[in-house]
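# Survey of secondary and tertiary structure
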Amino acid sequence: MSSQNRTGSRRKTITTISGLAVAGALVLTGCSPEVEKGWLPTERGTTNHTDRIMDLWVNSWIAALVVGIITWGLIVWCLVAYRRRKGTTGFPRQTSFNLPLEVFYLTIPLFMVLVFFYFTDRDQQAIDDRSKPADVVVDVRGKQWAWDFNYKSGEVVTEDVHEAGVQAHLTGNTIDKEALPTLYLPVGKSVDLELNSRDVIHSFWVPAFLQKRDMIPGKTNYIRFTPTKEGTYDGKCAELCGEYHSEMLFRVKVVSETEFQAHMDKLKADGNTGLLGEEYDRNPNLNEIK
C-alpha cells in the first residue's frame, strides 16, 4: 500500500511538471506583439539596428526554449521509464560509463555555444561597423549629473554648435521632461555618437534604441546607428555615478532634416557656437579643474 501511494504521488508530480512545461511553452510561443518583440522596450524599425537586435534576442530565447523542452522531456521520460517498480528488490544494474552518451553530452553543448557565438559576433560586427563616415557626428559628454551635446560640422551640420545641460539635483518635484537635455537627430541620417565622460564612469542608454555603452574618463567609445522613425525617446545614465544618478536623464528627438537644421540655427542664434571640449573635464579624485 505504501509503495502504491509513493507511485501515485510520483505520477502526480510528473503530470504536474509536464503540465507546467506545456503551459510555459504555449505562453512563450504565443503570437502577441509583446512576445514577438521579446518584451523589449521598443518597436521594430526604430533604428537600422533594432530589428537585428530584436531578432537575435527572440531567436536566442526560442532556441533556449526548445532546448529546455527537450531537456525537461528527457527528464520526465527517465522518471517514468526507470522508476522503481512494485516488488523490485535490490539496486538496478550499475553502469560505469557510456561512451556514446558522453560524446553526445560534449558535442551538442559545444555546437550550441558555437552557433550562439557565430550569430552574436556577426550581429555585433554589423552594429559596430564604422567603416564609412557618418552623416552626423555628435560628441556626447556625460557629467555629474547632466549631459553636453557637441554637434560637429560635417555632411549635415554646417558649423560646430553645442548644447549644455544643467546639473540635476533632487528637489522632490515631478520632473519636467521638456526641460531635460535633448539630443536632436535627423531621421534617415547615419549618426556617430562619440561618448566621453567629464568625471566618473557613466553609461549612455536609450532603451528604445536597444544600444547602451559606457562612458569612461580618458577613453572615447562610439555608437553608430541610423534613426529611422521620428519621435521622442527617453534616455538615462545606466551606470551608478553618484548622489543624483537617478536624475541624470535626457531625451532624444528624431526629427525631419528641416526641423533638425532649424534647431541647429537656433543654437547658433543663442550663441552656442563652438564645442565644449576637454577643457571642461575634471578629475574627481583630485577635485581639480583641468
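So, how was this worked out
Residues numbered from 1 in each chain as written. Predicted model: local features only at pLDDT ≥ 70, side-chain atom pairs only at ≥ 80, totals over all residues. Heavy atoms only, no water. Disulfide = S-S within 2.5 Å. Buried < 20%, exposed > 50% of the residue type's maximum accessible area, 1.4 Å probe, protein only. UniProt positions renumbered as here; feature names shortened; annotations may be inferred. Helix = DSSP H or I, 4+ residues; strand = E, 2+ residues; numbered from the N terminus. Pairing = 2+ DSSP bridges. Axes fitted to C-alpha atoms, helices over the stretch in contact; angles between N-to-C directions. Contact = heavy atoms within 4.5 Å.

For the protein, an unreviewed UniProt entry supplies the name cytochrome-c oxidase and the organism Pseudarthrobacter sulfonivorans.

Bringing the state of the cysteines into the picture now. Overall, the coordinates contain 0 disulfides when judged by the stated rule. Cysteine Cys241 is unpaired, with the sulfur of Cys237 as its nearest cysteine sulfur at 3.9 Å. Judged by relative accessible area, Cys241 falls into the buried class, the value being 5%.

In this numbering, the UniProt entry assigns the feature "transmembrane region" (unreviewed entry) to residues 57–82 and 103–120. Between the end C-alpha atoms of residues 57–82 the distance is 37 Å, and the span holds 96% helix and 0% strand.

The strands making up a sheet associate through backbone hydrogen bonding, with each pair oriented either parallel or antiparallel. The 5 strands lie next to each other as β4-β10-β9-β6-β7, forming an open sheet whose pairing is mixed. Two strands close off the open sheet at either side, each with one partner strand: β4 (182–186) and β7 (211–215). The sheet shows a mean angle of 20° between the axes of neighbouring strands, direction not considered. Examined bridge by bridge, β4 and strand β10 (residues 249–255) share 5 bridges and lie parallel to one another. The residue of β10 that forms the bridge with Leu183 is Val252. Across the sheet, helix α5 (residues 257–269) is in contact with β4 and β10; its angle to β4 comes to roughly 135°.

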